[in-house]
Structure formats: structure tokens, C-alpha cells
Amino acid sequence: MKLILFLSGFLFCNAIVLIAQSNVTVGQSATADRNNGYYMNPIIPGNYGDPSVVRVNDDFYMAHSRGDGFIIWHSKDMVNWKPVNRVFLKGYSRVWAVDLQYFNGKFHLYMPVNNYPGRKENEKGFGNFVTTATNAAGKWSDPVKIDIPVPKGIGHWGAIDPGFIHSNDGKNYLYLSAGWVIELDATGTKSIGEAKKVYDGWQYPEDWNLQCKCLESPKLFYKDGYYYMVSAQGGTNGPSTAHMNVVARSKAAIGPWENSPYNPITHTYSEEETWWHQGHGTIFDAPDGSWWMVYHGRLKDFTGLGRSTLLMPVDWTKDGWPVVKNSIPSSAFIPKPGFGENAGDGMMIKDDFNSTLLHPFWNYDIKNSSLIKSGNGVLQLTASGTNHRDGTQVSIGAIHKSFEVSVELQIPLSGAKAGIAVENDGLTYDGYMATFSEAPDWRMNEAEKYPSVKGHVFFKIKNYRKDISLYYSNDGMHWVSFGKGLRIEDSYRIKLFAAGSGTVVFKNFKYTGIE
């Protein structure tokens, strides 16, 4: 079941940072850092899957899959992170697992994209693109499409999840899902020749409960005479035990590849574990010579929070294979890296809308950017569409199992509907009355109306472990329950929206994590 609060008029909202339940919460901030020499996963909670990390001297940068572009994160100690850039790719959508690299004095971000300018009507699968920047926090170039003929039998989505490697003989290669590789030119932006299949993955036990073999997300590095490739298998969704990270190595950048006898390097063996679907990893070294891996996982029983980013220390066996150090559980208190200062911002759940730029955590359709205006302490949404599904909106993923969120709305007395929602159900305000509604639409006849100050109302949603209660107020201090509740399951996405006509103002948006 889904939740929405509607209000007609102008939309104002504050940003929320994604936080998992195991993180320390102080006020409206959360961090994996326990401030006692230990950290606890996740390092970036919420829906931040398919992480890719690159180190440039003493600085770490990370990017994830994103629907309409990407966020660049920066860290000095790998535990505390700060978003330094939000890049929207106008005309591009369904950006899947990216690969962040640094070479030739530039950052390179390789990405598979499903919808993009110039796509042919009969074209299948994803296209692979690369965008570059000399400064990760600065301007990124327009994406360049890498011509990679889709190999036959690679699957419905085509060649996805690119992974770059520069070989010792000066050549560049781009690996793709299902074990395919293609050579790139010296700039790393154009393909040479045809793609070849060079790796079949790791043969897991037949009795394992997985979604599919789904060999994907190759991430490569070089160490002590070997090229290493970390791949995901088992399927991103499906059973709690589906996903995993496996490792292979080769003396040459294009194989042949030998699988590790210690595979898988990460895997959820039981639904009782704290983290499910543990896969899609990147292994990298740190300035002090230590080795680490970032990957994603879903929180047990709360998969709707999305795929959070986890960090684990890596050790090396005597025969040269990476393994999770001392078999530390991903849910344990883990010693922090012994280098780097805290360059993060505590992942503050805050956006006072004094800036003309929304916080990077907000999601919205770039095509509607002209309808969204932030500044002077308010967020204004010019209404469009007919309801919360197709109206002007901004959204963010919740980060706690339980949370409370409230907002003040100011709306025109006619023409607009606006509100706040969790998933797709909740409360609507039409300028005169607050209306409880829940999807599917056939339930609308069960709506109940409550009086409110004309053009001005406060809404609050309280979520306790997926059980939702709804409140309204005329002054933001004295709250009245709507007397009806909801149950959410699939998504923890909160959105503010305006539909109909006119301009709606939202302000005093507050998010508080409960657990």
C-alpha cells in the first residue's frame, strides 16, 4: 500500500539524506563512523547501488547507478562521504551500473544508458557512453556513445555494466556483462574491432537459491603481475541469497581467466543475515597499502529502502587472492581505516532552500526543471498534470526503517492540488479541504475530508516499520490524526508534488529518523 499527502498550490521541500537503521543518528544527520575507531555499514545508506570507486592520490571518488545522471561523492577516509556534484544528463534516462575511472589527467565515467538522444526506434538493449571531466566537482562533458555491436545471445538488455582497464602494454579495454570485452583507443572513448567473449563466470553450487547466473558488473585492477576482475552473479533481485561477488585473475588483460578457489568473496548465505543481495563490488587500494571493497546490499526485511553502499576490508591469501579480511561479517563493528580526515558532511538531512540549487539528493525530471524553483527559504513548484503521479514533483528515498516527515504547504484557493506522499498514497489538499485517499483509484470513494485553513495546511506522515499514520495541522504544532493508516512494502520514496494549475509553496520540510 502507498501513501500520499496532496495540497493544491506551491510546493516547498527540504532535502533528505539516505540513512540506514544501523547508522548513528545525531539530529538530522547520520554516519557510519562510530567516532571510536570503528564504523558500521552502510557507509552510504538508502538507494545507492552499483558503487564504483576510484582513488586519485589521497582522495577517493565514488559514483553509482542513477536514473537520469549521477552523483559524485568524495572522501578522504572511505567511511565519511560528501556529495560534491550532481550531474543531470538531459535526454538520457535509465542510467545503470557505471564505472568511474581516472587516467590521462581526466575522470572518465562509463555508463550503460537505455534511453538517449538519437536512439533508433528498432535498437535493442542499452547503449554504452562515456563522459569526462578534469575536476570531479566541475563540469562534465556531453556523453559520447561508444560503438559496441551487441553480441548475439548476450541477453535482453544487451551489453551493460562497462568496466575499464588499462593494460601494461598501453592498451585500453572495456569489459561488459556476460564476460565480453572490446578494445578502446588511446582516449578511452572509441572502440577498436569487435567484442569478444573471454570469461564465463564462476560455477556456483547447484543447490544455491539464486535469481539467475546473471554475470555482470566487471570491475578490474592490476596487482603483482595479475589482472583481477570482480564480477557479480546470482541476480540483483530475487531470493535474499541471490547476489554475490566473485573474483578471477589473468596474466593478460583479456584473459584467459582463472577463478578464485575462495569464491565468492561476498554472499548472503541465509535470510537471517543483516544484509541481503550482497554483490556488485569494486576492490581498490588505499594510500597506506591496505585494500578494500565497496559493494551494495539490501537491509533484511526492509529491501524497499534500496541498495545501500557497504565497505569491507580486504586481505590477500598467500597464493595471491583477495578475501574479506578475517571473514568479518558485513554487519559487524569494523576498524576504521588508519588514514585520512573526515571530509564528509554527516549526510545531513537538510535543505533550507535558501540556495537556488536543490540538494544533490533530490530527484526530479530534468525536463520539468523550469517548473521547479528554489531560493529564499522556499521551493516553488509550478503545477502540471492532474495528480501526484503525473504532476510536477521532487522526491527522495527515506533512509530509516522508521521515520517522521512533515511539511507546510501554501496553495492557491482553486486550480491546484498538492501534497506529500510515501509511495503513491496519502493526503490531498485542494485549497479548502484536506482529503485522505489511497490507491488503487477504486478506493477513492472511501475518502474522508477534514477542514483546514484556506490555502494553508501542515501535513505529517509517521512511518513505523512500514505502518503509516497520517496527520494534519492548522499551525504545525497541534496535530490531528486522520484516523486511517496505510502499509507500505515496496518503496520508501517520499515525494512533494503539485498538480493542476498555479504555483504551490512548500516550506519547513522536516525529516526525522526514528530507528
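These numbers come from a predicted model, not from an experiment. (Residues numbered from 1 in each chain as written. Predicted model: local features only at pLDDT ≥ 70, side-chain atom pairs only at ≥ 80, totals over all residues. Heavy atoms only, no water.)

What follows deals with the overall build of the protein chain. Helices and strands together make up the secondary structure of the protein chain, namely zero helices and 40 strands. Total accessible area on the protein chain is roughly 20400 Å²; 48% of this is exposed by carbon and sulfur atoms. (Helix = DSSP H or I, 4+ residues; strand = E, 2+ residues; numbered from the N terminus. Areas by Shrake-Rupley, 256 points an atom, 1.4 Å probe, with all protein chains shown as cover.)

For Ser 177, the location among the structural elements is in the loop between strand E15 (172–176) and strand E16 (180–184). Using a relative accessible area of 6% as the deciding quantity, one classes Ser 177 as buried. Leave out the neighbours within four places in its chain, and Ser 177 touches Ile 154, Gly 158, Ala 159, Ile 160, Asp 161, Leu 215, Glu 216 and Pro 218. (Buried < 20%, exposed > 50% of the residue type's maximum accessible area, 1.4 Å probe, protein only. Contact = heavy atoms within 4.5 Å.)

Before going further, it helps to spend a moment on the packing of aromatic side chains. Throughout the structure, instances matching the rule amount to 29 aromatic pairs. Taken together, the aromatic side chains of Phe 221, Tyr 226, Tyr 228, Trp 291, Trp 316 and Trp 321 make up a single cluster linked through ring pairs. Note that Arg 86 overlies the ring of Phe 88, its terminal NZ or CZ placed 4.1 Å from the centroid. Positioned above the aromatic ring of Tyr 226, the side-chain terminus of Lys 251 is 4.1 Å from the ring centre. (Phe/Tyr/Trp six-rings, centres within 6.5 Å; stacked < 30°, edge-to-face > 60°. Lys NZ or Arg CZ within 6 Å of the ring centre and 35° of its normal.)

A few words now on the layout of surface pockets. Quantified by volume, the second largest pocket comes out at close to 540 Å³. Lining the second largest pocket are 22 residues, with Val 54, Gln 101, Leu 220, Phe 221 and Asp 285 sitting closest to its centre. Contributing elements (two or more residues each) for the lining of the second largest pocket: strand E5 (52–56), strand E10 (99–103), strand E14 (163–166), strand E18 (216–223) and strand E23 (275–285). Among the elements that make up the lining of the second largest pocket, the one with the highest residue count is E10 (five residues). Grouping the constituent residues of the lining of the second largest pocket by class yields 14 nonpolar, four polar and four charged. (1 Å grid on protein atoms, 1.4 Å probe; cavity = no way out; pocket = protein on both sides within 12 Å on 5 of 7 lines; lining within 4 Å. Points joined across faces, edges and corners; volume = space filled by probe spheres on them. Nonpolar A, V, L, I, M, F, W, Y, C, P; charged D, E, K, R; others polar.)

We now examine the sheet that holds strand E8 (residues 82–88). If you walk across this open sheet you meet the four strands as E5-E6-E7-E8, and the pairing is antiparallel. The open sheet terminates on both sides in strands that have one partner only, identified here as E5 and E8. Recorded for the sheet is a direction-independent mean angle of 20° between the axes of neighbouring strands. Relative to E8, strand E7 (residues 69–75) runs antiparallel, the two being bridged by six bridges. By the bridge assignment for E8, His 74 is matched with Lys 82. (Pairing = 2+ DSSP bridges. Axes fitted to C-alpha atoms, helices over the stretch in contact; angles between N-to-C directions.)

With that settled, the discussion passes to the environment of Val 480. Following the sequence through the fold, Val 480 ends up in strand E38 (residues 480–487). For Val 480, a relative accessible area of 37% corresponds to the partly exposed category. Separated by 21 residues in the primary sequence, Val 480 and Phe 459 have C-alpha atoms spaced 9.6 Å apart. Among all residues touching Val 480, those that are not within four sequence positions of it are Leu 470, Tyr 471 and Tyr 472.

For the structure on display, the rule yields twelve salt bridges. Across the pair Asp 33 and Lys 336 runs a salt bridge whose closest N-O atoms are separated by 2.9 Å. Of this pair, Asp 33 sits in the loop between strand E3 (29–31) and strand E4 (38–40) while Lys 336 sits in the loop between strand E27 (333–335) and strand E28 (372–375), and the two are 303 residues apart along the sequence. Owing to a relative accessible area of 24%, Lys 336 belongs among the partly exposed residues under this scheme. Overlapping salt bridges bring together Asp 33, Asp 77 and Lys 336 as one network. (Salt bridge = Lys/Arg side-chain N within 4 Å of Asp/Glu carboxyl O.)

Next up on the list: the confidence of the model for the protein chain. Averaged over all residues, the pLDDT of the protein chain equals 85, while 86% of them reach at least 70. Every residue in residues 1–29 is under pLDDT 50, and counting partners more than four places away or in other chains gives 213 contacts. (pLDDT = per-residue confidence, 0-100.)

Once that is clear, we can look at the sheet that holds E15. The strand order E14-E15-E16-E17 describes an open sheet built from four strands, whose pairing is antiparallel. In this open sheet, the two edge strands, each paired with only one partner strand, are E14 and strand E17 (191–197). When strand polarity is set aside, the average angle formed by the axes of neighbouring strands in this sheet is 25°. In this sheet, E17 lies alongside E16 in antiparallel orientation, the contact comprising four bridges. Looking at the pairing, Trp 180 lines up with Lys 197 of E17.

Further remarks concern the nonpolar core. Ranked by internal contacts, the top residues of the largest apolar core, which has 78 residues, are Ile 43, Leu 311, Ile 420, Ile 494 and Phe 509. Broken down by element, the residue count for this core peaks at six residues, all from strand E24 (residues 291–299). Excluding residues that lie within four positions of it along the chain, Leu 311 makes contacts with Tyr 39, Asn 41, Ile 43, Met 78, Val 79, Phe 284, Trp 292, Met 293, Val 294 and Ile 334. The next biggest cluster of nonpolar side chains, apart from the first, holds 21 residues, and it includes Phe 70, Leu 89, Leu 100 and Val 113. (Core = buried A, V, L, I, M, F, W, Y, C linked by side-chain atoms within 4.5 Å.)

Attention now goes to the side chain of Gln 101. Note on placement: Gln 101 falls in strand E10. Overall, Gln 101 belongs to the buried group, its relative accessible area being 16%. A distance of 2.9 Å separates the side chain of Gln 101 from the side chain of Asp 99, its partner in a polar contact. Other than its neighbours up to four places away in sequence, Gln 101 contacts Val 54, Lys 106, Phe 107, His 108, Tyr 110 and Phe 164. (Polar contact = N/O pair within 3.5 Å; in protein donor to acceptor, adjacent residues only side chain to side chain.)

Once that is clear, we can look at the pairing of E10. Regular strands place side chains that alternate from one sheet face to the opposite one. The buried fraction of E10 is high, at four of five residues. Bridge count between E10 and strand E11 (residues 106–115): five bridges; the pairing is antiparallel. Bridge assignment links Gln 101 to a residue of E11, and that residue is His 108. Adjacent in sequence and paired antiparallel, E10 and E11 are bridged by two residues, among which Asn 104 carries a positive phi angle near 55°.

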